[in-house]
Amino acid sequence: MAAPRCPPFPFLVLALLALSMPALLRADAGGEPSKTYIFRVDHSAKPSVFPTHAHWYTSAAFASSSPAAAPLEPLHVYGTVFHGFSASVPASRAEELRRHPAVLAAFEDRVRQLHTTRSPQFMGLRARLGLWSLSDYGSDVIVGVLDTGVWPERRSLSDRNLPPVPTRWRGGCDAGPGFPASSCNRKLVGARFFSQGHGAHYGAAAVASSNGSAGEYMSPRDADGHGTHTATTAAGSVAYEASMEGYAPGVAKGVAPKARVAAYKVCWKGAGCMDSDILAGFDRAVADGVDVISVSIGGGGGVTAPFYLDPIAIGAYGAVSRGVFVATSAGNEGPTSMSVTNVAPWLATVGAGTIDRNFPAEIVLGDGRRLSGVSLYSGKPLANSSLPLYYPGRTGGISASLCMENSIDPSLVKGKVVVCDRGSSPRVAKGMVVKEAGGAAMVLTNGEANGEGLVGDAHVLPACAVGEKEGDALKAYAANASSPTATISFGGTVVGVKPAPVVASFSARGPNGLVPEILKPDFIAPGVNILAAWTGATGPTGLDGDARRTEFNILSGTSMACPHASGAAALLRSAHPGWSPAAIRSALMTTAGVTDNRGGAVGDEAEPGRAATPFDYGAGHIALGKALDPGLVYDAGEEDYVAFMCSIGYEPNAIEVVTHKPVSCPAASTAGAASGSDLNYPSISVVLRGGNQSRTVTRTATDVGAQASATYTARVQMAPGSGVSVSVKPGKLVFSPAAKKQSYVVTVTAPSAQAAAAPVHGYLVWSDGGGHDVRSPIVVTWLQPM
């Protein structure tokens, strides 16, 4: 059945922010506290007497029905991907503005969180063949990165040997403390910052200092490191002799090393990213002329607002409708089911997988046992071959077991190897706690929530991480041995690791909690132990007490996977400038791989030995050696997305908040025939409700192959014993110069015994016998009637 219909507009949903962090409240002259709201305005309603929308919004005519009300002071005025403004006002004023005849929607600002030498080759890129050479390494494509800014002096942002900036570029370089306008060049073609929403929420003093001494810059300069890392992962220039203090040595380069970078600083160190600033970043990036937008930002835990209340979805729609490809991170709340975020179907939602490189460490116990872990520690090795082993959680309670600040008794840990449980605080922060308490080393142990998933960290003392099983063995030894001892050795960099890829334990998973008819994530990309450029403002741990400075850093997260997809999209845009964002996403999805470098099924790091499913990796792992020539693509545009939103029960005036254009939906009596599953998406997700069920969906494939004519034959591969049958009609698609598009229907049928079964998955593959295998995942889920 259709999703519940939204309540009638224009009302709006000032209650959305039950989901958000509390805003810092400021009082107006009457003593009523203020919050920041984003207002969607019918831009066509502007009286002609006002030269701009900004003049209109700040006029007495717009401000209020009360003559005593002060004029509005917008934080941002939006006019490209969104029409309206944001302003900090009391709730009563917001309610008054909500009733303004030109205001279509209003919602509170909220905080979002920030969610390489080898990874391009692991995705199938080769220096002299294939997509890199045929796209000229992404030359002249402009990648906009919404993040924490950029450190412009890094070699990865050098413009050496690059041609002039494309003449179509309309962007600029915002000067500010530590960031003169000359910081931009032919590589870093633009840099802007957006602090108004952040300042309204936290207070101006918390945003920035003039020289970075307070940990931030009121300029595009990156004090955090995250933005520099993601920007150079997507499009970093070639940098020789790169490493992170000796780890991952080699030649660092982005996925699209000749593409240009435009940095939009919408996130601030330690404080996240405000929706109002994110929306301003989208608005400016599209107006400036970017081709690709990379957004490693999102909500958490799969908590997703409807698209018409989600500024990332709204901003991305405005970008995609203008031909800009948008990639977003899936989130780091895996392996929990239904944890994926950024689920709008016009986005590319990217999960994280491993690559074939690792940084092993080994713990040797006093009884001779050896436990395997990982670490990026690069300082002096342990002086003694064996040290006393101590687990604070045995007697000190939960905070001590987690090595939280001020939780460890120095007299108990001095000179020892300290065991800390993972969770509640940053992994590297636990090491700082141990070091300050006098501990000699640390072992970080996973619990059930993290399983066997491991990532390397540049610890401030000798330390390594181990999985749940090794951690349980270590703690049992510490509890039962009369004089437990241990030491740690560090193995450097190892390449050729098998199996790879594996879905990262932390990578957020489906099903899609908002619209289960759209499978998310779309695919996975390298997101574990990724090397890229780093800020000069902080050490590799990002901790205040870390005095080290490195040109490169190694990080893990779907934040690292997202720019791999952004860089891949830049290459495809360069090679196929006429392709739409949907066609580019389709090429990445239908050519993605579902086998690892051993030839077996891609596995799940959280459960070693278990094969991952489309809920874990979507269509699979990006394989750029194939995406250049996918054979067929599934295209979609504005009409398709509007029909999709109608089909899931959104009212036309709610849809208009997303599209900023008037829309109409079929009458309710006919809308029931449509389903979110009918969107022309490269994956197929069918939701069945009740007993005997059958569902038919339609897809239209477009031939983009080099041959004038082609014939494709369908085959279906479903999990054995599922009881689900899938038929495809017609079973052959014949393309010719006069018929480049062909439609087909897929019918999924399940017996009544499956009414409460676990999800079933498989694949539909169209093959032309000439090397094109166009693969679409099929997922079937059951929901009981409401």
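Small disclaimer: the values here were computed from a predicted structure and weren't measured.

(A) A look at the pairing of strand β34 (residues 693-703). Relative to β34, strand β32 (residues 632-633) runs antiparallel, the two being bridged by two bridges. Across the sheet, the residue bridging to Leu632 is Asp703, located in β34. Here β34 runs beside strand β38 (residues 741-750); their pairing, made up of 10 bridges, is antiparallel. Paired with Gln693 across the bridge in β38 is Ala750.

(B) Summary view of the side chain of Thr613. Following the sequence through the fold, Thr613 ends up in the loop between β31 (603-604) and α16 (614-617). Judged by relative accessible area, Thr613 falls into the buried class, the value being 14%. Setting aside anything within four residues of it in sequence, one finds Thr613 in contact with Gly618 and His761.

(C) How the structure looks around the nonpolar core. Counting 112 residues, the largest nonpolar core has Phe282, Val290, Ile293, Phe307, Val326, Trp346 and Leu588 as its most contacted members. For this core, the leading source of residues is helix α14 (residues 558-575), giving eight residues. If we ignore the near neighbours within four places in the chain, the residues touching Phe282 are Val81, Leu146, Ile293, Val295, Ile312, Gly315, Ala316 and Val326. Counting 26 residues, the second largest nonpolar core, distinct from the first, contains Val686, Tyr712, Val746 and Ile778.

(D) Looking closely at the state of the cysteines. Applying the stated criterion across every chain, the model contains four disulfides. Residue pairing for Cys403: its cysteine sulfur links by disulfide to Cys420, the two sulfurs lying 1.9 Å apart. Taking the sign of the S-S torsion, -85 degrees for the link of Cys403 and Cys420, the bridge is left-handed. Within this pair, whereas Cys403 is found in the loop between α10 (397-401) and α11 (410-413), its partner Cys420 is found in strand β22 (residues 417-421), the two being separated by 17 residues in sequence. Take Cys403 and Cys420: they sit in the same class, and that class is buried.

Criteria and cut-off values
Residues numbered from 1 in each chain as written. Predicted model: local features only at pLDDT ≥ 70, side-chain atom pairs only at ≥ 80, totals over all residues. Heavy atoms only, no water. Pairing = 2+ DSSP bridges. Helix = DSSP H or I, 4+ residues; strand = E, 2+ residues; numbered from the N terminus. Buried < 20%, exposed > 50% of the residue type's maximum accessible area, 1.4 Å probe, protein only. Contact = heavy atoms within 4.5 Å. Core = buried A, V, L, I, M, F, W, Y, C linked by side-chain atoms within 4.5 Å. Disulfide = S-S within 2.5 Å.

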